[in-house]
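Residue-level structure breakdown
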Amino acid sequence: MDAAARRVRPADLARLATLRARREAEAGRAAQAAAERRRAAEAAEALARQGAREREAARASGERAVYAGLAAGGAIPLAALEERRAALAILGEAVEAAHAEVAAEAETAAAAQAAHAETLSVLARRARETQRWQRAQGRILDARRALAERADACEAEDEILMRLGRSGAAA
């Protein structure tokens, strides 16, 4: 670590710390954006599910009305029966389309969830890298302090020896 402390300049350490902080912040922003996309996809899926439920209710209401009309009346012309069957088919197709939309929104939400999980893993990896580099930087700075303390101790010892040598020469 002493060798690393001598080779690495403080400016390089500061630049490295800034770069690591910037990368971690970028990963955090990406994770936030992915979380927003995931929430939007989940909201769209919930909206599609609500629309499907409404279309199912409309189809059930239409079926009840058709069956009530059939049960209440007597003979029904074939053209009227075909019109009612066509109306029920249209309602059924609307329900199928709504379910297809729900399935598409569910796929989008699942993709957004996977993307969010990926960005969270990148953020965690960046945070671990930053912590590792902060520990290394701390060790380098500790080694520098130790070198400086040893240098100060050597200087103080040299000064004491020089003073003792001068006082011995003067006596």
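Not measured: the values here are computed from a predicted model. Sequence order as written defines the numbering, with residues in each chain counted from 1. Selection of residues for local features in this predicted model requires a pLDDT of at least 70, selection of side-chain atom pairs for listing and counting requires 80 or more, and totals for whole chains, interfaces and linings are taken over all residues. Each side-chain value is worked out from all heavy atoms of the structure, with water and hydrogens disregarded.

1. Notes on the overall build of the protein
In this text, helices come from DSSP runs of H or I with a minimum length of four residues, and strands from runs of E with a minimum of two, each type numbered from the N-terminal end. Each helix and strand counted, the protein has three helices and zero strands in total. We take the radius of gyration over the C-alpha atoms and set the globule estimate at 2.2 Å times the residue count to the 0.38 power. Taking 16 Å as the expected radius of gyration for a compact globule of 171 residues, we find that the protein reaches 38 Å, considerably beyond that expectation. Out of the 171 residues in the protein, the part that is buried amounts to 19%. Working rule for contacts: check all heavy atoms of both residues, and any pair within 4.5 Å makes them a contact. Sequence separation of at least 24 residues holds for 92% of the intrachain contacts in the protein that already meet a minimum separation of 6. Here the open area of atoms and residues is found with the Shrake-Rupley method and a 1.4 Å probe, where only the protein chains shown may cover a residue. Of the accessible surface of the protein, which amounts to about 11,800 Å², a share of 58% is contributed by carbon and sulfur atoms. Each charge sign in the protein was given a centre, from 29 positive and 26 negative side chains, and these centres are 6 Å apart. Classification of residues uses two cut-offs on accessible area relative to the type maximum, computed with a 1.4 Å probe and protein chains only: under 20% is buried, over 50% is exposed, and between them is partly exposed. Only four residue types enter the charge count, namely Lys and Arg as positive and Asp and Glu as negative; His and the chain termini do not. Here the site of a charge means NZ on Lys, CZ on Arg, CG on Asp, or CD on Glu.

2. Remarks on the pattern of salt bridges
Take a side-chain nitrogen of Lys or Arg and a carboxyl oxygen of Asp or Glu: if they are within 4 Å of each other, that pair is a salt bridge. All chains considered together, the criterion is met by eight salt bridges. The closest approach of N and O atoms between Arg20 and Glu129, which form a salt bridge, is 3.2 Å. Remark: Glu129 occurs in helix H3 (residues 78–170) and Arg20 occurs in helix H2 (residues 10–72); sequence separation between them is 109 residues. Since its relative accessible area comes to 13%, Arg20 is described here as buried. Overall, Glu129 belongs to the buried group, its relative accessible area being 16%. Between Glu159 and Arg163 there is a salt bridge, and its shortest N-O distance comes to 2.7 Å. On the criterion of helical spacing, the pair formed by Glu159 and Arg163 is a turn pair, its members being four residues apart in helix H3. Salt bridges sharing common partners tie together Arg20, Arg126 and Glu129.

3. Looking at the environment of Arg84
The topology assignment puts Arg84 in helix H3. For the pair Arg84 and Gly62, spaced 22 residues apart in sequence, the C-alpha to C-alpha distance is 9.1 Å. Non-local contacts of Arg84, meaning those with residues more than four positions away in its chain, are made with Val66, Leu70 and Ile76.

4. Section: a nonpolar patch on the surface
In this analysis, a patch consists of residues with relative accessible area above 30% that form no salt bridge, clustered at 9 Å for like charges and at 5 Å for the nonpolar side chains Val, Leu, Ile, Met, Phe, Trp and Tyr. A surface patch of nonpolar side chains, amounting to about 310 Å² of accessible area, comprises Ile160, Leu161 and Leu164. Within the secondary structure, Ile160 sits in helix H3.

So, to be careful, I would describe these as geometric facts and stop short of saying anything about function.
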